[in-house]
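Listed below, chain by chain, are the residues.
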Amino acid sequence: MKLMTWNVNSIRVREARLLRLLEAARPDVVCLQELKVVNEAFPFEALRDAGYHAAVHGQKTYNGVAILSRLEPEGVERGFGDDEDDEQARLVAARIAGVHVASVYVPNGAEVGSEKWAYKLSWMKRLRHWLDRRFARPDLVALCGDFNVAPEARDVSDPDAWEGSVLTDPEARKALQDVRAFGLVDSFRLHHEEPGFYSWWDYRMLGFPRNKGLRIDHIDLSGPLAERCTGASIERDERKGKQPSDHAPVIAELDL
DNA sequence: ATGGTTGCTTAGCAA
């Protein structure tokens, strides 16, 4: 199974790029984030013509997540379904070929100490609780998406410049560790130890031309799935050219 | 250097 995750930053604007990418990379499953459309405006037809089913949890203007799959997704869930479930569409999950796949868009957090920052941290706690409620350790779980956290210094182009950012703050990193402590590993780091790999570059300040990036998009796998992970990569070229997303797609290969 | 760009929506927010 070729599993991909991509923050498209508007499915409307990125539809043509997405269709080209599907044809070129031929992934089996794709987790999308930041659709910025309601379900009714999602391009179901174009994607069906390209050979993909879609489980969509959309929202007007902000957020919105989806899972594309060649096989029909089963048991689709939208949101945490917990007591404090809210209107922000940041989680969709489904079962595909026995793998529990989730597409997540973790809140950015704006500024450390802000209201949005508190929401980010609490959302990540809810994500861990959702994993605990929903899955058992032997399950095949793939948690994919924009986590808005660079796990370590080697995931940041200029750690000093990013000191104090919501993407690198120790508390955010701890929150990510707490999610992963469910029993998930960063698939990319199974195959690449060295620094210099990023998945997001700011549109501003020539972020991409200067390669001022961070690795904040991840495919986290449960133990039994990690054992079957034969490769991982970042489609850096997708950040190039006209009207790119500010994120590049991330891929994990699973031998199922 | 508190800058700069993109998307949604139409002046301001979110990232």
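Not measured: the values here are computed from a predicted model.

K.L.:
Go over the environment of Ala172 with me, naming the residues and quoting the values.
P.N.:
Structurally, the position occupied by Ala172 is in helix H4 (residues 170-180). Taking C-alpha positions, Ala172 is 12 Å from Ile216, a pair spaced 44 residues apart along the chain. Apart from residues lying up to four places away in sequence, Ala172 is in contact with Trp117, Leu121, Met124, Val149 and Val166.

K.L.:
Please give an account of the protein's contact with DNA strand B that cites residues and values.
P.N.:
Near DNA strand B, the surroundings consist of 16 residues, among which Ser10, Val13, Thr61, Lys116 and Arg204 are the closest. The sugar-phosphate share of atoms of DNA strand B within 4 Å of the protein amounts to 79%. In the model, a phosphate oxygen of DNA strand B is placed 3.0 Å from a nitrogen or oxygen of the Lys116 side chain. In the environment of DNA strand B, a base nitrogen lies 3.4 Å from a nitrogen or oxygen atom belonging to the side chain of Arg204.

K.L.:
Residues and numbers for the pattern of salt bridges, please.
P.N.:
Counting across every chain of the model gives 15 salt bridges. Asp202 serves as the salt-bridge partner of Arg204, at 2.9 Å between the closest nitrogen and oxygen. One salt bridge in this structure joins Asp237 and Lys240, with 2.9 Å as the shortest N-O distance. Within the structure, one salt-bridge network assembled from shared partners comprises Asp155, Arg180, Asp186, Arg189, Arg215 and Asp220.

K.L.:
How would you explain the nonpolar core if you had to name every residue and give the values?
P.N.:
Ranked by size, the top nonpolar core spans 33 residues in total, and within it Val104, Trp123, Leu127, Trp130, Leu131, Leu143 and Leu214 carry the most contacts. Within the residue set of this core, elements represented by two or more residues are strand E6 (91-96), strand E7 (99-105), helix H3 (115-134), strand E8 (141-146) and H4. A total of 8 residues in this core trace back to one element, the largest contributor, which is H3. Those residues in contact with Leu127 that sit more than four places away from it in its chain are Phe80, Val104, Leu143 and Val179. Counting 31 residues, the second largest nonpolar core, distinct from the first, contains Val65, Ala94, Ile219 and Ala248.

K.L.:
So what's going on with the layout of surface pockets? Which residues, and what values?
P.N.:
If you add up the space inside the largest pocket, you get close to 700 Å³. For the largest pocket, the lining is made up of 27 residues, of which Tyr105, Asn108, Gly109, Ala110 and Asn148 are closest to its centre. Grouping the constituent residues of the lining of the largest pocket by class yields 11 nonpolar, 8 polar and 8 charged. Approximately 160 Å³ is the volume attributed to the second largest pocket.

K.L.:
Talk me through the pairing of strand E14 (residues 250-254); I want residue IDs and the actual numbers.
P.N.:
Summarising burial for E14: 4 of the 5 residues are buried, a large majority. For strand E13 (residues 229-234) and E14, the ladder comprises 5 bridges, and the chain directions are antiparallel. Bridge pairing links Gly231 to Glu253 in E14.

K.L.:
Outline the environment of Met4, listing residues and values.
P.N.:
Locating Met4 in the fold gives a position in strand E1 (residues 2-7). Residues Met4 and Leu256 lie 252 residues apart in sequence; the distance between their C-alpha atoms is 15 Å. For Met4, the residues in contact, after removing those within four places along its chain, are Leu21, Ala25, Pro27, Val29, Val30, Cys31, Ile219, Pro249, Val250 and Ile251.

The rules behind the values
- Residues numbered from 1 in each chain as written.
- Chains lettered and ligands numbered in written order.
- Predicted model: local features only at pLDDT ≥ 70, side-chain atom pairs only at ≥ 80, totals over all residues.
- Heavy atoms only, no water.
- Helix = DSSP H or I, 4+ residues; strand = E, 2+ residues; numbered from the N terminus.
- Contact = heavy atoms within 4.5 Å.
- Near = heavy atom within 4 Å.
- Polar contact = N/O pair within 3.5 Å; in protein donor to acceptor, adjacent residues only side chain to side chain.
- Salt bridge = Lys/Arg side-chain N within 4 Å of Asp/Glu carboxyl O.
- Core = buried A, V, L, I, M, F, W, Y, C linked by side-chain atoms within 4.5 Å.
- Buried < 20%, exposed > 50% of the residue type's maximum accessible area, 1.4 Å probe, protein only.
- 1 Å grid on protein atoms, 1.4 Å probe; cavity = no way out; pocket = protein on both sides within 12 Å on 5 of 7 lines; lining within 4 Å.
- Points joined across faces, edges and corners; volume = space filled by probe spheres on them.
- Nonpolar A, V, L, I, M, F, W, Y, C, P; charged D, E, K, R; others polar.
- Pairing = 2+ DSSP bridges.

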